[in-house]
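One letter stands for each residue in the lines below.
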Amino acid sequence: MALEPCIGLEVHVELDTESKMFCTCPNEFGAEPNARVCPVCLGLPGSLPAPNRKAVEYVIRTGLALNCQVAERCRFARKNYFYPDLAKNFQISQYDEPLTHDGYIEVEVSGETKRIRVRRAHLEEDTGKNIHMPDGRSLGEYNRCGVPLMEIVTEPDFTTAEQVREYLNMLRAILRYLGVSTADMEKGVMRAEPTINWIDRESGEKTPKVEIKNLNSIKSVYEAVKYELTRQHRAWDSDEELFQETRRWDENAQRTSPMRRKETADDYMYFPEPDLPPLAPEPEWVEEIRASLPELPRARARRVAAEYGLPEYDAEVLTSSRELADYYEAVAKLAPDAKVASNWVMGDMMAYLNQTGTDLAAFPVTPAELTELLELLAEGAINNPTAKDVFAKMTASGRGAREIVEAEGLQQIADTGELECLVEQAIEANPQSVEDYRGGKEKALGALVGAVMRASKGQANPRMVNELLRKKLSD
Ligand code: ZN
Ligand code: MN
């Protein structure tokens with residue numbers, strides 16, 4: 001019997017709007033508890049919701065980017081349940097009439113492209129939070145109540161945890177390119193819940209569906225999916241009973257544990273939201289939004305690879321965010337060599353950003369300034385180790401590359417007479433290396449080159465040093 005994995009994904013994304021979904025409270029994180037609330041988002045009797053046009057636009061924008069159809073007319077629905085973090089005891093969501101539906105995202109895993117169908121991207125409101133105190137009390141924090149929330153649901157098309165991971169990376173990049181959300185999983189702005197089971201395609205037999213919650217990074221989703229697939233398969237093999245249930249991921253133990261047996265749609269008693277009229281986005285508006293879509297990550301990666309002659313890997317890394325891609329393209333357009341520019345952006349620059357925890361927006365070196373450094377390198381005015389040194393000085397001082405090189409006399413020594421002198425000194429001072437090299441040990445040359453580089457304080461032209469050494473040693 002051949003079992004096949006069947007994985008679907010539900011993703012919730014808080015939208016980056018100024019105000020909340022159905023009221024004018026500011027949509028902002030980090031305010032004093034319960035300081036961003038009003039009768040509407042608290043669900044006080046008699047208050048009436050009014051939809052946020054920007055949030056509707058953001059869902060349409062996302063839907064279009066995910067190749068979805070935009071509904072000509074759709075409705076909000078009430079999802080009824082008692083939960084202390086949602087004071088009005090229902091969530092305004094969408095049920096049988098989502099705002100956008102039937103799209104797809106293509107993901108590439110180990111050279112294979114897989115199309116993941118997107119069932120729907122709809123609009124709803126977020127809940128508040130309960131804070132459980134060490135002394136046993138629980139507090140209600142309602143600032144998040146009513147924050148615009150987009151729900152994106154796929155068909156169960158994934159067959160591996162790697163595809164799920166790639167989908168989430170791609171989706172996050174798309175949402176950020178679109179500017180609709182910061183899509184930060186660590187902060188709970190984007191939340192992913194996979195549904196997992198196994199199916200025997202021949203007999204149609206399957207394991208009960210399990211949904212996993214409490215995942216706060218793409219890595220956890222990946223690990224949880226892997227774990228759960230294995231757990232279910234083992235249980236199936238040993239005829240252990242499995243349940244349709246919601247399980248939670250335990251990050252420390254690296255395993256899932258039962259949370260609650262699955263509720264069904266019937267439990268929510270969905271019905272059309274009586275306080276809101278149907279939503280009918282004007283077709284002209286939808287076309288306007290379509291026309292304003294930016295070039296998306298995959299398309300940009302392909303274009304950047306072709307336009308600048310880069311390896312696919314470089315193009316993917318460089319287009320992983322819109323800001324990074326903009327930065328790279330600004331350098332590549334001016335720099336003498338687009339691949340060298342890519343090496344610097346992906347190497348020294350990204351290392352600097354990671355090590356210092358700096359945002360690209362706050363990076364002190366402008367594309368024009370980085371280009372100046374690359375020009376000095378291409379001209380041969382400085383060598384590569386010096387360029388790294390100058391780069392560090394640029395990030396620390398904000399001074400230009402030429403200015404630093406001139407002020408500190410860092411120009412490369414490419415004067416043959418001067419270099420010959422240094423080479424002769426190195427040969428004299430390292431008789432063992434000379435003997436080794438002459439005896440056939442090619443590696444010994446490296447020690448001599450190193451000696452010359454040190455003597456020149458790193459400013460000698462390494463290629464010339466190499467040539468001069470070989471010439472002298474073969475005499
Ligand atoms: Zn409010
Ligand atoms: Mn939802």
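Residues numbered from 1 in each chain as written. Chains lettered and ligands numbered in written order. Predicted model: local features only at pLDDT ≥ 70, side-chain atom pairs only at ≥ 80, totals over all residues. Heavy atoms only, no water.

Peer 1: Residues and numbers for the domain arrangement of the protein, please.
Peer 2: As assigned here, the protein comprises domain 1 (3-285), domain 2 (295-407) and domain 3 (416-474). Distance between the C-alpha centres of domain 2 and domain 3: 32 Å. (Domains from an automatic or database assignment.)

Peer 1: Explain the coordination of the manganese ion (ligand 2) to me, using residue names and the numbers behind them.
Peer 2: For the manganese ion (ligand 2), every protein donor is listed as His12 (NE2), Glu124 (OE) and Glu151 (OE), and the spread of their distances is 2.0 to 2.2 Å. The motif formed by the donor residues of the manganese ion (ligand 2), counted along the single chain, is H-x111-E-x26-E. Here the residue Glu124 occupies a position in strand β6 (residues 112-125), and Glu151 occupies one in strand β9 (residues 148-154), the gap between them amounting to 27 residues. Given a relative accessible area of 2%, Glu124 falls into the buried group. (Donors = N, O, S within 2.8 Å, 3.2 Å for Na, K, Ca; no water. Helix = DSSP H or I, 4+ residues; strand = E, 2+ residues; numbered from the N terminus. Buried < 20%, exposed > 50% of the residue type's maximum accessible area, 1.4 Å probe, protein only.)

Peer 1: A description of the coordination of the zinc ion (ligand 1) should follow, citing residues and the corresponding values.
Peer 2: For the zinc ion (ligand 1), the protein coordination sphere consists of Cys23 (SG), Cys25 (SG), Cys38 (SG) and Cys41 (SG), at 2.3 to 2.4 Å. For the zinc ion (ligand 1), the four donor atoms are set out with angles of 101 to 115° between them, so the coordination reads as tetrahedral. One chain supplies every donor for the zinc ion (ligand 1), spaced along it as C-x1-C-x12-C-x2-C. With Cys25 in the loop between β1 (3-14) and α1 (39-42) and Cys38 in the loop between β1 and α1, this pair connects stretches of sequence that are 13 residues apart. Relative accessible area serves as the criterion here: at 7%, Cys25 is assigned to the buried category. (Tetrahedral: all angles 85-135°; square planar, octahedral: opposite > 155°, others 65-115°.)

Peer 1: Just give me the short version of the sheet that holds strand β14 (residues 271-272), but keep the residues and values in it.
Peer 2: Taken in spatial order, the three strands line up as β4-β3-β14 in an open sheet, and their pairing is antiparallel. The outermost strands of the open sheet, each flanked by one partner alone, are β4 (90-93) and β14. Two elements, strand β3 (residues 77-80) and β4, share four bridges in a ladder whose sense is antiparallel. Bridge assignment links Asn80 to a residue of β4, and that residue is Phe90. (Pairing = 2+ DSSP bridges.)

Peer 1: So, the environment of Ile60: which residues are in play, and what are the values?
Peer 2: Within the secondary structure, Ile60 sits in helix α2 (residues 53-65). A relative accessible area of 0% places Ile60 in the buried class. In this structure the C-alpha to C-alpha distance between Ile60 and Ala71, which are 11 residues apart in sequence, comes to 9.3 Å. If we ignore the near neighbours within four places in the chain, the residues touching Ile60 are Val70, Leu99, Thr100, Pro281, Trp285, Val286 and Ile289. (Contact = heavy atoms within 4.5 Å.)

Peer 1: Can you tell me about the pattern of salt bridges, naming the residues and giving the values?
Peer 2: Scanning the model with the defined rule gives 44 salt bridges in all. Residues Arg115 and Glu106 are paired through a salt bridge, measuring 3.2 Å at the closest nitrogen-oxygen approach. A residue is classified by how much of its surface remains accessible, and Arg115, at 45% relative accessible area, is partly exposed. Two residues, Glu420 and Lys472, come together in a salt bridge whose shortest N-O distance is 3.9 Å. (Salt bridge = Lys/Arg side-chain N within 4 Å of Asp/Glu carboxyl O.)

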